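# Descriptive analysis of the structure
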Amino acid sequence: CLLRYDIKDVFNSFQKTLYHRRPIIASLIGLAIIVGFSYGYKGIFMACHYPINDNGNQTNVINMCRSWPALAFFYVVMFGPLLEELTYRLGLFTILRKRNRILAYVVTILIFTLLHFDFTTKNWVNELINLPLYIVPAFVLTALYENEGIASSTYTHLLNNLISFIIVLAVR
């Protein structure tokens, strides 16, 4: 019964965005925050003459996009963000939010971030420097989900990955 309600809720949330501007505007604002932070953060390091290298996750995504663009589009732009939003925001955050809002944010953001972390790397410093590039988007997506619904966080995540996908293919 709970699962059926959640699935119905997801479809209603997406349907709601067809008739209201607020979730779409919230998605675009969230996207602007994520992209702005990413470029600002990297810009600070560049200004200090310490460019940030891509972490292991990003390197794997770039290699996939360049080797198999059609497959990468489906996986990186469509399937990945949708699955992550359903898993982390709709699933994990919703369950934990019933117990403790702060705990829900911390655990959701931490798990999302750590799943994008390369634990096999020998360059731990680079991985750690890249963590905010996942923490901030995780926070923005979670806040969007909590305040505007699953559609807003999903649209933002999809658009962010689409922009990254386009940039990767354009900058060969």
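Refer to the preceding data block for the structure.
Rules of the game
Residues numbered from 1 in each chain as written. Predicted model: local features only at pLDDT ≥ 70, side-chain atom pairs only at ≥ 80, totals over all residues. Heavy atoms only, no water. Helix = DSSP H or I, 4+ residues; strand = E, 2+ residues; numbered from the N terminus. Buried < 20%, exposed > 50% of the residue type's maximum accessible area, 1.4 Å probe, protein only. Contact = heavy atoms within 4.5 Å. Areas by Shrake-Rupley, 256 points an atom, 1.4 Å probe, with all protein chains shown as cover. Lys, Arg positive; Asp, Glu negative; His and termini not counted. Charge placed at Lys NZ, Arg CZ, Asp CG, Glu CD. Core = buried A, V, L, I, M, F, W, Y, C linked by side-chain atoms within 4.5 Å.

## A look at the overall build of the protein
- Along its length, the protein carries eight helices and zero strands.
- Sequence-ordered secondary structure for the protein, helices as α and strands as β, is α-α-α-α-α-α-α-α.
- Projected onto its principal axes, the C-alpha positions of the protein cover 50 × 35 × 30 Å.
- Buried residues in the protein amount to 40% of all 172 residues.
- Restricting the contact set of the protein to residue pairs at least 6 apart, pairs at least 24 apart contribute 72%.
- Carbon together with sulfur atoms contributes 69% to the accessible area of the protein, which is approximately 10500 Å² in total.
- Averaged over its 14 positive side-chain charges, the protein has a centre that lies 5 Å from the centre of its 9 negative ones.

## A word on the environment of I129
- Note that I129 resides in helix α6 (residues 124–130).
- For I129, a relative accessible area of 13% corresponds to the buried category.
- Sequence spacing of I129 and I167 is 38 residues, and the spatial spacing of their C-alpha atoms is 21 Å.
- Setting aside its immediate chain neighbours within four residues, I129 contacts Y41, F45, Y50 and I52.

## What about the nonpolar core?
- With 17 residues, the main nonpolar core has F93, Y105, F112 and Y145 as its most contacted residues.
- For this core, the elements supplying multiple residues, two or more each, are α2 (22–47), α4 (69–97), α5 (101–114) and α7 (132–148).
- Here the element with the most residues in this core is α7; it accounts for six residues.
- Among all residues touching F112, those that are not within four sequence positions of it are E84, Y88, R89, Y134, A138, L141 and H157.
- Among the nonpolar cores identified, the runner-up in size contains eight residues, and V61, I62, C65 and A72 belong to it.

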